[in-house]
Amino acid sequence: MKNKSIFWSMTSIVALVALLLTACGPTATEAPATQAPSTGGSEIDCAGAKSGDEISMLYQWSGVEEAALNQVLKPLLDACGIVLKPESTRDQALLDTRVQAGTPPDVAFWQVAQLVQYKDKLQAMDALGADSSSYSDFFLAPVTIDGKWLGLPIKADVKSIIWYSPSNFETLGYKVPTTWDELDALVEKMAADGNVPWSMGFESGDATGWTGTDFVQDIMLVQQGPGFVNGILDGSVSYADPGVKQAYETYGKWAMSDKYTVGGAQGTLSTPFLEAIYKPFADPPEAMLVKQSGFAGGEIAKQFSNLKQGADYDFFVVPSIQGLQGSVEPMMAFADTPAVRALVKYLSSAQGGANWAAATFGLSPNKGAAGNYTDAALQKLGDAIASTSGFTTDIGDTIPGGFGSAEFQGISEFVNGGDLDSILAGLAAKQAEGLKK
Amino acid sequence: MNRDQINKQLNKLPTHAIVILTMVIWAVPTLGLLVTSLRPPEAVGSSGWWTAFTTQRTAGPYETYCAECHGTDRKALPQADLTNPELIAKYSRSLQLLALLRQDINGQPHMGNMPLPTAQEAADIASYLRDDDQANSRFTLNNYIDALVGYRGRSSYTADCEAGTQPPDLKCNLSDILNPRGMGRAFINSLFVTLPATFIPILFAAFAGYAFAWLDFKGRFLLFALLVGLQVVPLQMTLVPISRFYAQTGLNGTFLGVWLFHTGFGMPYAIYLMRNFLGTLPRDLFESAYLDGATHWTVFRQLVVPLAMPAIASLGIFQFLWVWNDLLVALVFLGGTTPVMTYQISNMVTSLGSGWQVLTAAAFLSMLLPMIVFFSLQRYFVRGLLAGSVKG
Amino acid sequence: MAASQANSNIGMSGKRKRKQASPNPPVPQIMKQGAFVPWLYLLPALAVMTFFIVYPMINTIGLSFMNSDGTASAATTCRDGQPCWGVFENYRYALTDEFNTSSPAALWKSFWSSSYGNTIKWIVVMVFGTVTVGLAFAVLADRVKYEALAKAVLFMPMAISFVGAGVIWKFVYDYGTSQTQIGLLNSIITSLGGRPVAWLSTIPINTFMIVIVGIWIWSGFCMTILAAALKSVPDEIIEAARVDGAAEWTVFWKIIVPIILPTITVVVTTMVINVLKLFDLVYVMTGGNFKTDVIANRMYTEMYKNFNVGRGTAVAVILVVAIIPFIYLNIKRFLEQEASR
């Protein structure tokens, strides 16, 4: 019977597959080897790690980013013979399931909020041999939880910058503003000229809205200063404070009108944040300015290969800002093994910082990175960080307990015409809940 | 053709219209994906996929505004040779070009009596002068090649290989197809996951379905109702307890762990369908088999399994689709060391979402096998559900 | 081919026999061989289901009465001056947090933009849409020569992963701010002289726009099942009605629909369960923003974005409770059928 033969042939296929599996077993993905900068492996401290020792790691980077990370780690792997078992995902469910089930990766690269969440399960960095002298205090503060140094600041970005086209500015006779009032006047002048000043884009999947909260936090730093923002972070200032409302209103004036931003409120809400980065540099340009973190430089370079940094695209720091807003991505360690110690020592060494800078993978908080950037825009950002008077982390990334996603939803609702007072009241409740000890 | 036949055909016209219209509506979004996956990334973001078939941007605005003075070869005015790259570089973008056009030349308006081009037209002229169009072809296979070999650089695999600047994990020969970052290796992993994870639940469900339909035992209906009810349990709820258990037993990261998990979750619907189908088989068939002295096992092997082929096929395709398209279970229990296709697809873009044109090609590649399975099982498939859900 | 033909013949004859001998007990006497054997056949299925579904479910119910990381009773999460339901605190949060109870009108409004209201919209629109499209297409495609191709086209979206579906619909719903629209829908609208619409952020149409994607994916499933049921309607009955001069519309409503009604019930039930569990689409397309949240996505958000295990599991338990009536309907239908067998 034909049917029967199908059944048994399916059986034999399965048997065959099972046989193959027992024969060869799952093949591990090796991290692709990448060319290393010629720093020489002799200075690397293997901390007793033996050749063949494994490190399992979990991170959110993929594509080009993953290749850059491999480039940074290559000298360590070559010197000590450590084998990476990497996993890449943006699904927080994976990290959480791994941790809850008692099978966390040896190290994870994730957000500052996870340091708080997993504080009881993490290894202290100084115990692992990390060199704290490589980092400025303002980078160590966000990764120190309850007095314990739990995260190695691995990658930083500056958020308080505005990207523009110097050549377009020159042609249209605009000048880079040096105070907030000048920025405000410039925006009005652009609008009066019929040039849309801002390009804004919220859309980012389940994190839709984060570009808006970044902007609002910069405005808070301009209007109220870093003390106010740190107050929000530790709960001494409520998110329903009039200072927060003022920042939202300042922002809303621009974000919700098609005179000031591409497409008005609906344009702000629906434009993917990457598209928003492109608009001032497209031809013809749809806007003049886009406020976006340092990573935007790399995205512009990728999208418009014929544009040159410095002439066709550049950035200025948000004028009149008191201190900078930035983000720090920490590496956290769940295990204490010789290989993990070697990794921590390497990444916190001057050499690790230098190699990070050379990989063109964002900014390294490590002081060893200074002067080693091969990318001009990164070098300029690195200088901005080095000279800043202060540094506040992203409110949404830092307050635990789901405040971040609530804040993103809140600003999306506000730009979509929601009632600001009730939105801020709801967020203040989330803030109090998230910060409750 | 007589009048009756003509009338019959005419009466069918609305039917054809509705069927074809529905087919078009259903196919167009997927067609968009197919066309997009074949386009160069620069074109995807700047124009709709349907414009790929219409004529390309040409020298149009240049002909309209500039050719009269500068000539079609762009060299008519020696003092303003538009093929000179240094000159072009200064006016390579619309704003600069428009500013120039607004200025007077030798005391005369640059454009004479002609109106200024619009911003878009100026951009087209600038682009034409930069010779951008020649560099961009309308269709490309690069996205598919990049997806297959797992290329993750800043340009494309073919361009990098020509320039010799490919990432070190690629060798620019046929062996790249087995690159662990590519879809090739992931395809094999996906098959390893999917085939047993389709087969085992069907086998278990056939056993259980037979028991529920043709064997008598206490609490038959109650137990069956309970099992059907378990369809509602959300998968996310079970991840933590199961991985805790897997960690203790060493099943984490093994294919066996994934097969068992999919078996557990496929079971309620599979039993439901199987029992429903087997219940419609004629009773006299079983009765005569038992009268001949057959045991349950013989009946199951020689009667139930062959007769249930339609149900097995239909269940097969649904379970296959579900496992093939699953990301979460594969990610949690298999992880990144044994990547399946869905894992590779989601990792082709950066965490910021750039590079997603490769994703269009990858998504299309992952669709191919399910479609082949559907076409080859379609005959059984329809019949299986028929018997499973309809009872006289 | 021959084999399947034979099968269907056996099936038909068996069915007719059964109708004649309806008061028979469900299982022939002769087949009651021992009390132990049936459990042997059930054992593999029961074992995997107990382990992978029942045990985690019990675990879940327990966690829903605990705090955010499962270390203490939910009652300890109550805050002074706020309403509190003791150990049911997570349920209070899950059931009431989204609602504005200041006035009946505000409650009504907030209900329809909550995850509960949206889930109801999903169930009504998506189940109606998939079943209608599936049934209409099954009936009509039955009458054309390219039936197999037509059905394959309708089924195709089922073969696409959610990541793929997300990309596909981006090129339909995209809202461009410049003159060029790369979204198909807005391109059509602007070419007809209209203003582009931001489909996914305009309340309340955005929820329905995501439901349309759901209908696009699942209609093929309904169509396949219903098409199979249609083929089982005996041709003689339909022909007899036509000979009697009944219009096609009457034949459909008065003869076909009653015969396949059990199948329609099955499809509706299965779809309701699917819709209640479905969160991938909302997650991919809006992440629950702009008042498009549904219960299943809320569960995911509480669990994995807010890391509040207690609340997440409470939402999950509510989800399960919400499905029970539909399961009950399904089982009832079974019992009725078994009784008449």
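What you see is a predicted model, and the numbers here were worked out from it, not measured in a lab.

1. Observations concerning the packing of helix α6 (residues 147–155) of chain C against helix α9 (residues 205–232) of chain C
Residues and elements named next belong to chain C.
Here comes step 1: Where α6 meets α9, the axes come as close as 8 Å, and the angle between the chain directions of the two elements is 145 degrees. Contacts between α6 and α9 involve E147, K151, L154 and F155 on the former and, on the latter, S219, G220, M223, T224, A227 and K231.
Here comes step 2: Here the residues of the contact of α6 with α9 sort into four nonpolar, three polar and three charged.

2. Overview of the pattern of salt bridges
Opposite charge on two side chains allows them to pair when their charged atoms are near.
Here comes step 1: Counting across every chain of the model gives 25 salt bridges over all chains.
Here comes step 2: For A:E299, the salt bridge is made with A:K302, and the minimal N-O distance between the two is 3.5 Å. Residue A:E299 and its partner A:K302 are both found in helix α13 (residues 296–303); the two are separated by three residues, about one turn of the helix.
Here comes step 3: Taking relative accessible area as the criterion, A:E299 reaches 5% and is therefore assigned buried.
Here comes step 4: Judged by relative accessible area, A:K302 falls into the partly exposed class, the value being 28%.
Here comes step 5: Between C:D174 and C:K170 there is a salt bridge, with the nearest N and O atoms lying 3.5 Å from each other.
Here comes step 6: For C:D174, a relative accessible area of 13% translates into the label buried.
Here comes step 7: Salt bridges sharing common partners tie together C:R143, C:E239, C:R242 and C:E248.

3. Remarks on the packing of helix α14 (residues 255–279) of chain B against helix α17 (residues 309–324) of chain B
Residue and element names in this part refer to chain B.
Here comes step 1: Remark: α14 packs on α17, axes separated minimally by 10 Å, with the N-to-C direction vectors making an angle of 155 degrees. It follows from the interaxial angle that α14 and α17 lie roughly antiparallel. Pair α14 / α17 crosses with right-handed handedness. On α17, the residues touching H262, G266, Y269, A270, L273, M274 and F277 of α14 are P310, A311, I312, S314, L315, Q319, W322 and V323.
Here comes step 2: In terms of residue class, the contact of α14 with α17 is built from eleven nonpolar, four polar and no charged.

4. Focus: the sheet that holds strand β7 (residues 161–164) of chain A
Residues and elements named next belong to chain A.
Here comes step 1: In space, the three strands of this open sheet follow the order β8-β7-β9, with antiparallel pairing throughout. If you trace the sheet from one side to the other, it starts and ends with β8 (289–291) and β9 (314–317), each paired once. With direction set aside, neighbouring strand axes in the sheet form an average angle of 30 degrees.

5. A short note on the domain arrangement of chain C
All names here are of chain C.
Here comes step 1: Entries for chain C in the domain assignment read domain 1 (60–97 + 308–341) and domain 2 (115–307).
Here comes step 2: Taken over C-alpha atoms, the centre of domain 1 sits 29 Å from the centre of domain 2.
Here comes step 3: If you look at the interface, domain 1 gives 21 residues, while domain 2 gives 15 residues.
Here comes step 4: Of the roughly 1,600 Å² buried between domain 1 and domain 2, counting both surfaces, carbon and sulfur atoms make up 72%.
Here comes step 5: There are zero salt bridges connecting domain 1 and domain 2.
Here comes step 6: Counting across the interface, domain 1 meets domain 2 through five residue pairs in polar contact (both at pLDDT 80 or more).

6. Describing the environment of C:I120
Residues and elements named next belong to chain C.
Here comes step 1: In this fold, I120 is placed in helix α5 (residues 115–141).
Here comes step 2: Classification of I120 as partly exposed rests on a relative accessible area of 35%.
Here comes step 3: Taking the C-alpha atoms as reference points, I120 and Y55, 65 residues apart in sequence, are found 29 Å from one another.
Here comes step 4: Ignoring any residue separated from it by four or fewer positions in sequence, one finds I120 in contact with F111 and W112.

7. Regarding a nonpolar patch on the surface
Here comes step 1: Taken together, B:L148, B:I177, B:L178 and B:I188 make up a surface patch of nonpolar side chains, about 300 Å² in accessible area.
Here comes step 2: In this fold, B:I188 is placed in helix α11 (residues 183–214).

8. Quick word on the state of the cysteines
Here comes step 1: Taken as a whole, this structure holds three disulfides over all chains when the rule is applied.
Here comes step 2: Between the sulfur atoms of B:C161 and its disulfide partner B:C172 the distance amounts to 1.8 Å. Measuring handedness by torsion sign, the sulfur bridge of B:C161 and B:C172 sits at about -90 degrees and is left-handed. With B:C161 in helix α10 (residues 157–163) and B:C172 in the loop between α10 and α11, this pair connects stretches of sequence that are eleven residues apart.
Here comes step 3: In this model, C:C78 is linked to C:C84 through a disulfide, with the two sulfur atoms separated by 1.9 Å.

9. Some remarks on the nonpolar core
Here comes step 1: Membership of the largest hydrophobic core comes to 342 residues, with the highest contact counts inside it found for A:Y239, A:L289 and B:Y210.
Here comes step 2: The residues touching A:Y239, leaving out its near neighbours within four places in the chain, are A:M220, A:I232, A:V244, A:Y248, A:I395, A:F403, A:E407, A:L424, A:L427, A:A428 and A:Q431.
Here comes step 3: Counting residues in each nonpolar core, the second largest holds 15 residues, with B:A67, B:M111, B:I125 and B:L129 among its members.

10. Quick notes on empty space enclosed by the protein
Residue and element names in this part refer to chain A.
Here comes step 1: Inspection of the entire model under this criterion finds nine cavities of 30 Å³ or more.
Here comes step 2: Lining the largest cavity are 14 residues, with S199, M200, G201, T211 and K291 sitting closest to its centre.
Here comes step 3: Broken down by element, the residue count for the lining of the largest cavity peaks at three residues, all from helix α12 (residues 273–278).
Here comes step 4: Looking at side-chain class alone, the lining of the largest cavity contains nine nonpolar, four polar and one charged residues.

So, how was this worked out
Residues numbered from 1 in each chain as written. Chains lettered and ligands numbered in written order. Predicted model: local features only at pLDDT ≥ 70, side-chain atom pairs only at ≥ 80, totals over all residues. Heavy atoms only, no water. Axes fitted to C-alpha atoms, helices over the stretch in contact; angles between N-to-C directions. Helix = DSSP H or I, 4+ residues; strand = E, 2+ residues; numbered from the N terminus. Contact = heavy atoms within 4.5 Å. Nonpolar A, V, L, I, M, F, W, Y, C, P; charged D, E, K, R; others polar. Salt bridge = Lys/Arg side-chain N within 4 Å of Asp/Glu carboxyl O. Buried < 20%, exposed > 50% of the residue type's maximum accessible area, 1.4 Å probe, protein only. Parallel < 35°, antiparallel > 145°, perpendicular 65-115°, else oblique. Left-handed = near helix turned anticlockwise from the far one by under 90°. Pairing = 2+ DSSP bridges. Domains from an automatic or database assignment. Buried area = accessible area lost by both parts, 1.4 Å probe. Polar contact = N/O pair within 3.5 Å; in protein donor to acceptor, adjacent residues only side chain to side chain. Patch = residues over 30% accessible without salt bridge, like charges linked within 9 Å, V, L, I, M, F, W, Y side chains within 5 Å. Areas by Shrake-Rupley, 256 points an atom, 1.4 Å probe, with all protein chains shown as cover. Disulfide = S-S within 2.5 Å. Core = buried A, V, L, I, M, F, W, Y, C linked by side-chain atoms within 4.5 Å. 1 Å grid on protein atoms, 1.4 Å probe; cavity = no way out; pocket = protein on both sides within 12 Å on 5 of 7 lines; lining within 4 Å. Points joined across faces, edges and corners; volume = space filled by probe spheres on them.

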